[in-house]
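The chain contents come next:
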Amino acid sequence: MSDMITADLVDLDLSADTKEAAARALAERMVALGRVTDLEGFLADVAAREAQMPTGLDGGIGIPHCRSEHVTEPTLAFGRSAAGIDFGAADGPADLIFLIAAPAGADDAHLTILSSLARQLMNAEFTDALRSVDDASAAAALIRGEEPPTADGSTAADAAKAPAAAGSGSASGSESGSEPASGSGSGSADSVTAPAAASAGAATGTDDAGTGADRPFRIVAVTSCPTGIAHTYMAAESLENAGREAGVEVVVETQGSAGFTRLDPAVIAAADGVIFAHDVPVREKDRFAGKPTVDTGVKAAINRAADLITEVRGKAERGEVTATDGSGATDGSGTSPVERAGGPGEGYGTKLRTWLMSGVSYMVPFVAAGGLLIALGFAIGGYEINEAPSVMDHFVWTQAASWGALLFQIGGVAFGFLVPVLAGYIAYGMADRPGLVPGFVGGAISLTISAGFLGGLAAGLIAGGVVLAIQKVRIPAALRGIMPVVVIPLISSAVVGFLMFVVIGKPIASAQKAMTDWLNGLTGANAILLGALLGLMMCFDLGGPVNKVAYTFATAGIAVANPSDSAMKIMAAVMAAGMVPPLAMALATTVRGKLFNRTERENGKAAWVLGASFISEGAIPFAAADPLRVIPASMVGGAVTGALSMSFGATLRAPHGGIFVVPLIGNPFLYLVAIAAGVCVTAALVIVLKGLRKPVTGADTTGPDGTPAPSAREEQPVAA
């Protein structure tokens, strides 16, 4: 850390009275040393970070920080205020202010050092030493972990050794003070990467700790904050310290700016509880499903870690656990595909599916918004609205046609993002943020060469693969800072562009045209069989990967300004089939309620609305409780509806909306007949199949405390 903070970056008599003035005073010192190139631009970035979440911490600490393109190298400035400055902490103003400035492309080594400092700030001995030091050089040395001699022959860093060692030892599961702090970058990095070592140690040392009542309560935790520099690691340190005081084993996975190391699956499996302390989505959250879980903000872990540990222990005693998210919701709810990025133990097929679903999940909102806007444009302005001039050149406020043209043209612009978003987020699912630029570029090229969705799929996979390959190349430390913002985007975009334009673009465009021609030629029995197949797929996993394949196939056909009649028939069949399972479950619980327990009957009421809105996930509670009866029955009804919709020639320009877009459907009456037929078939099959089994004893009974009796509880749906 020797190059991060010097005496010139320390102000022991900070006279500012507001957090903005404090940030400015410390930032001016950075500007004077050439560490910041644009003072106002940098302060704007600091203010933007502060607006996301106050950076004041209990104990009189303020840590304004940001990543900024105006920072030339990672820098730390320290100020001490006698009067105190309000940084939004619950316990009052801060007297120790650390301004952390990281370049937009800061390399991992520097970020780990900053993270090590964040851990030290949670140690009272370290902060007390900073409050008592009277020399700027000594303060800078104390923060760096160096040992400048003092008048009495001791060292200024003596007071910091124990807290620095605690920052390292706590993560590795050793006792505080087992090792002194290292002043080297590598030593600091060890203090941050130690949780990974703790994972391995916990996995191999399970038997040593004893089993059952003989071993301590075990908690795994994940911490993350928007910038991933300070709060992430301070929360981890606070949880680990509180765990030691409570006699609890705590192992933390810090998901910071420098990336993260996954906890060993054996450590997670052995844990008795989980704490999520985060202000950004937890990556791969489903690894922790099935355990007592406390989910809160990152500052809660810093300020009241002991309370969180008590809370998760209480949940464990009561048997409150989270369920595995198996819904695969098409609306993007729940754990995102990117959060479920393929782990090292997963097969290539599983990873490929996850990457593809990443792109699809981010594309679906564009499809829904653009498709509905285009459909509304046709409904208001008529089917000739696609020939209207630009509304920038001609718009009459009192004419319906002008409003129709406006909606149509906005929807067309939204549709223009579909393929780039698909490709960009497939690459994102593979390589994280560095994959976005080449992915979007490849998707845009796919549109340019008329390669469509097939081109987008290929471009996304290629972009992610290229970025992953570049990241494996060992480069000089001096170039690491520009890798994320210059080198990786430049090289990966050039490679993807070359491959798309020159090598694979033309064959993919030909394949896309062949598929379009095949869809346009579907008639008679072929169309009906396709409708039945799509209906089966929509109802097979109720929002899962197979459902998404069918839905994406349908939306790809209408994601153009002038979709063909066959494409609109396919979209209609897919939406109709997707509405069948929840509506059928709602009907079945209404007609033969005694076959269902109380919770299922309540879910049935909600399923009316979910099914009518084309949210297939409304049937998941029923499928989870009784999959062997509900899923086959749903597939049969979905196939009936899909086949009837195709045979009736119903068309749909909107990719979503359920019954609320019936006015936009071609042959709406017969379309509703097709849905009703499928719903009746599925409901009848479910009633018959459930009636053939032995009646559920106690389905309508409850226990003394009002909860379902054990026999009824067996029928409870698993939350998705």
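For the structure, see preceding data.
Criteria and cut-off values
Residues numbered from 1 in each chain as written. Predicted model: local features only at pLDDT ≥ 70, side-chain atom pairs only at ≥ 80, totals over all residues. Heavy atoms only, no water. Phe/Tyr/Trp six-rings, centres within 6.5 Å; stacked < 30°, edge-to-face > 60°. Helix = DSSP H or I, 4+ residues; strand = E, 2+ residues; numbered from the N terminus. Buried < 20%, exposed > 50% of the residue type's maximum accessible area, 1.4 Å probe, protein only. Pairing = 2+ DSSP bridges. Axes fitted to C-alpha atoms, helices over the stretch in contact; angles between N-to-C directions. Contact = heavy atoms within 4.5 Å. Salt bridge = Lys/Arg side-chain N within 4 Å of Asp/Glu carboxyl O. Expected span 1.5 Å × (residues − 1). Bend = angle between axes of the 7 residues up to and from the residue. Left-handed = near helix turned anticlockwise from the far one by under 90°. Nonpolar A, V, L, I, M, F, W, Y, C, P; charged D, E, K, R; others polar.

**Here's the deal with the packing of aromatic side chains**
Item 1. If you walk through the whole model with that rule in mind, you get 12 aromatic pairs.
Item 2. Taken together, a centroid distance of 4.9 Å and an interplanar angle of 35° make the contact between Phe78 and Phe98 tilted. Within this pair, whereas Phe78 is found in strand E5 (residues 75-85), its partner Phe98 is found in strand E6 (residues 94-103), the two being separated by 20 residues in sequence. Neither Phe78 nor Phe98 differs from the other in exposure class; each is buried.
Item 3. Judged by centre distance (5.4 Å) and plane angle (85°), the rings of Phe276 and Phe288 are edge-to-face.

**Here's the deal with the pairing of strand E8 (residues 249-254)**
Item 1. The element E8 is largely enclosed, with a buried count of 5 among its 6 residues.
Item 2. Two strands pair when backbone bridges link them, and strand E7 (residues 218-224) and E8 are joined in this way by 6 bridges, in the parallel orientation. Residue pairing for E8: Val220 is matched across the bridge by Val251.

**Notes on the sheet that holds strand E9 (residues 273-278)**
Item 1. One open sheet holds the 4 strands; their spatial order is E8-E7-E9-E10, and the pairing between them is parallel. Strands with a single pairing partner mark the edges of an open sheet, and in this sheet they are E8 and strand E10 (293-296). Averaged over all neighbouring strand pairs, the angle between strand axes comes to 15°, with direction disregarded.
Item 2. One ladder, built from 4 bridges, connects E9 with E10; its direction is parallel. What sits directly across from Ala277, in E10, is Thr296.
Item 3. On the sheet, helix H11 (residues 305-318) packs against E7, E8, E9 and E10 and is oriented at approximately 140° with respect to E10.

**Remarks on the environment of Asn562**
Item 1. Within the secondary structure, Asn562 is located in the loop between helix H20 (545-558) and helix H21 (565-591).
Item 2. Residue classification places Asn562 among the exposed residues on the basis of a relative accessible area of 53%.

**Digging into the pattern of salt bridges**
Item 1. Taken as a whole and assessed by the stated rule, the structure comprises 16 salt bridges.
Item 2. We note a salt bridge from Asp11 to Arg29, for which the minimum N-O separation is 3.7 Å. Here the residue Asp11 occupies a position in strand E1 (residues 10-11), and Arg29 occupies one in helix H1 (residues 19-32), the gap between them amounting to 18 residues.
Item 3. Judged by its relative accessible area of 27%, Arg29 falls in the partly exposed class.
Item 4. Here Arg283 makes a salt bridge to Asp432, at a shortest N to O gap of 2.7 Å. Remark: Asp432 occurs in the loop between helix H14 (418-431) and helix H15 (436-448) and Arg283 occurs in the loop between E9 and E10; sequence separation between them is 149 residues.
Item 5. Judged by relative accessible area, which is 18%, Arg283 ranks as buried.

**Digging into H21**
Item 1. Given a rise of 1.5 Å per residue, 27 residues ought to cover 39 Å, and the 38 Å separating the end C-alpha atoms of H21 matches this to within 8%.
Item 2. Along its length, H21 reaches its greatest deviation from straightness, about 30°, at Val580, and the proline Pro581 lies no more than four positions downstream.
Item 3. By the criterion of burial, H21 is predominantly enclosed, with 22 of the 27 residues buried.

**Let's talk about unusual backbone geometry**
Item 1. Here the phi dihedral of Asp432 falls at roughly 65°; this positive angle occurs in a residue that is not glycine.
Item 2. Backbone geometry places Phe614, a non-glycine residue, at a positive phi of 60°.
Item 3. The topology assignment puts Phe614 in the loop between helix H22 (598-612) and helix H23 (620-625).
Item 4. The exposure class assigned to Phe614 is buried, which follows from its relative accessible area of 4%.

**Describing the packing of helix H8 (residues 231-246) against H11**
Item 1. With their axes 8 Å apart at the nearest point, H8 and H11 run at an angle of 65° to one another. As for how H8 packs across H11, the hand of that crossing is right-handed. Counting all contacts with H8, which are made through Ser238, Leu239, Ala242, Gly243 and Ala246, the residues of H11 involved are Ala305, Ala306, Leu308, Ile309 and Arg313.
Item 2. Its residues assigned to classes, the contact of H8 with H11 comprises 7 nonpolar, 2 polar and 1 charged.

**Some words on the pairing of E9**
Item 1. Of all 6 residues making up E9, 6 are buried, and the element is well covered by its neighbours.
Item 2. Along E9, one buried face is formed by Gly273, Ile275 and Ala277 and the opposite face, lined by Val274, Phe276 and His278, is buried too.
Item 3. Bridge analysis of E7 against E9 gives 6 bridges, and the strand direction is parallel. What sits directly across from Ala221, in E9, is Ile275.

**A look at the environment of Leu595**
Item 1. Examined against the element boundaries, Leu595 turns out to sit in the loop between H21 and H22.
Item 2. Here the alpha-carbon distance between Leu595 and Val686, two residues 91 residues apart in the chain, equals 9.7 Å.

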